[in-house]
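Single-letter residue listing:
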Amino acid sequence: MKKKGLASGGISLSAWKLHVILVSLTLTIVLCNPKVAFLFLARRHLPLDFVWKCFFQNADTANYSIYIHSEPGFVFNESTTRSHFFHDRQLKNSIKVSWGEASMIEAERLLLEEALKDSANRRFVLLSESCIPLYNFSYIYTYLTTSPRSFVDSFLDKKERRYNPNMAPYIPMSKWRKGSQWITLIRKHAEVVAADDVVFPVFKMFCKVCIMMLFPFLKQKSHNCIPDEHYVQTLLTMHDGEGELERRTITYTEWKQSASNMDKSSWHPMTFSFADTGHEKIKRIKDIDNVYYHTEYRTEWCHNNSTLVPCFLFARKFSQGAAMHLLSEGVISQFDASALMDPTT
């Protein structure tokens, strides 16, 4: 017989009502004040921490969180960073990362797993140590939180032999995609990546950079595979998530052709130096409103909720000199270069 005043499971009605109120309050807070999780993938320290210090300086701390995957054992404190925003934000379970190996996407997954522990985090932005923001925090926050979609550069990879038939049947060739590593995910998609226990092991086994990638002038059949350029794109396509994406990255990279006579078909990201940067350069990047994908003959116009918007919110790869140049001239933020002389400010 059910006792009066008890809900199912023996919980008192007053306790049950309190529980419902607390859950409702939590959901209200999460929905009304979504946080953007900034996920930094660093080799060791963050050389452009002074840029991000300016970026976060006037932002409401309730609107963002910061996570850093760095070298195991490296600690962000007063002696290793100019910005207090990064103090103790490193993952405690970081791993050694090598380019062209599955360890890169494993580090991304570790960042997402940690950020997902905070239920208020609703957008997850992956950034490199050489990234700079092109706009202030308010603009970027609004841009991200008003879009119901993830920003994932994703296209059909028709020209390169990166798909390994050994991946089948776990990963069908029809679901194989390529794109930029620098992604921004809604919470639903972040959970898919963090929870994946099928696709990641297959990538770990069969998606690797082999010697032919390092020496492309050797014309032999191979399956050169860079995991971070395929993993999230392929995984979300397999989960029927492609229709929930803006199929573009919001992080700009300038590509240049290899200078090697033996490797004219290879392209590499350009590092911006002091001389490469200035008002006109940044304006040109900020004015881009579409991206053309030649393998699909597709022009991706950059939209946010059906409104045409600038394509890029961040850019890479910037040297310290280039970033200092932009800040000192007020191109991306008001900045006093003398502040760099005092790491405690």
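Now for a look at the structure at hand. (Residues numbered from 1 in each chain as written. Predicted model: local features only at pLDDT ≥ 70, side-chain atom pairs only at ≥ 80, totals over all residues. Heavy atoms only, no water.)

**Brief notes about helix α3 (residues 103–115)**
The terminal C-alpha atoms of α3 lie 18 Å apart, and with 13 residues this matches the ideal 18 Å at 1.5 Å per residue to within 8%. Judged by how many residues are buried, α3 sits mostly within the fold: ten of 13 residues are covered. (Helix = DSSP H or I, 4+ residues; strand = E, 2+ residues; numbered from the N terminus. Expected span 1.5 Å × (residues − 1). Buried < 20%, exposed > 50% of the residue type's maximum accessible area, 1.4 Å probe, protein only.)

**Considerations on the sheet that holds strand β8 (residues 251–253)**
Backbone-to-backbone hydrogen bonds pair the strands of a sheet. The strands run either parallel or antiparallel. If you walk across this open sheet you meet the three strands as β4-β15-β8, and the pairing is mixed. Whereas interior strands pair on both sides, the edge strands pair on one side only; in this sheet they are β4 (132–133) and β8. Note: β4 against strand β15 (residues 314–316), two bridges, orientation antiparallel. Following the sheet pairing, I132 is matched in β15 by A315. (Pairing = 2+ DSSP bridges.)

**Structural notes on the packing of helix α6 (residues 199–206) against helix α8 (residues 231–238)**
In the contact formed by α6 and α8, the axes pass within 11 Å of each other and the chain directions differ by 140°. Of the possible angle classes, the one that applies to α6 and α8 is oblique. Judged by the twist between their axes, the crossing of α6 over α8 is right-handed. Note on element contacts: α8 touches α6 through Y231, T234, L235 and M238, opposite V199, F200 and F203. Along the lines of polarity and charge, the residues of the contact of α6 with α8 split into six nonpolar, one polar and no charged. (Axes fitted to C-alpha atoms, helices over the stretch in contact; angles between N-to-C directions. Parallel < 35°, antiparallel > 145°, perpendicular 65-115°, else oblique. Left-handed = near helix turned anticlockwise from the far one by under 90°. Contact = heavy atoms within 4.5 Å. Nonpolar A, V, L, I, M, F, W, Y, C, P; charged D, E, K, R; others polar.)

**Some words on the state of the cysteines**
Here the structure, examined in full by the defined rule, presents two disulfides. Across the disulfide from C207 sits C225; the S-S distance is 1.8 Å. Residues C207 and C225 share a disulfide whose torsion about the S-S bond is about -75°; that sign makes it left-handed. Of this pair, C207 sits in the loop between α6 and α7 (211–214) while C225 sits in the loop between α7 and α8, and the two are 18 residues apart along the sequence. For the pair formed by C207 and C225, the shared burial category is buried. Cysteines bonded in the protein are numbered consecutively along the chain; their disulfide partners then correspond to 1-2, 3-4. (Disulfide = S-S within 2.5 Å.)

Function cannot be inferred from these measures alone, as they are strictly geometric.
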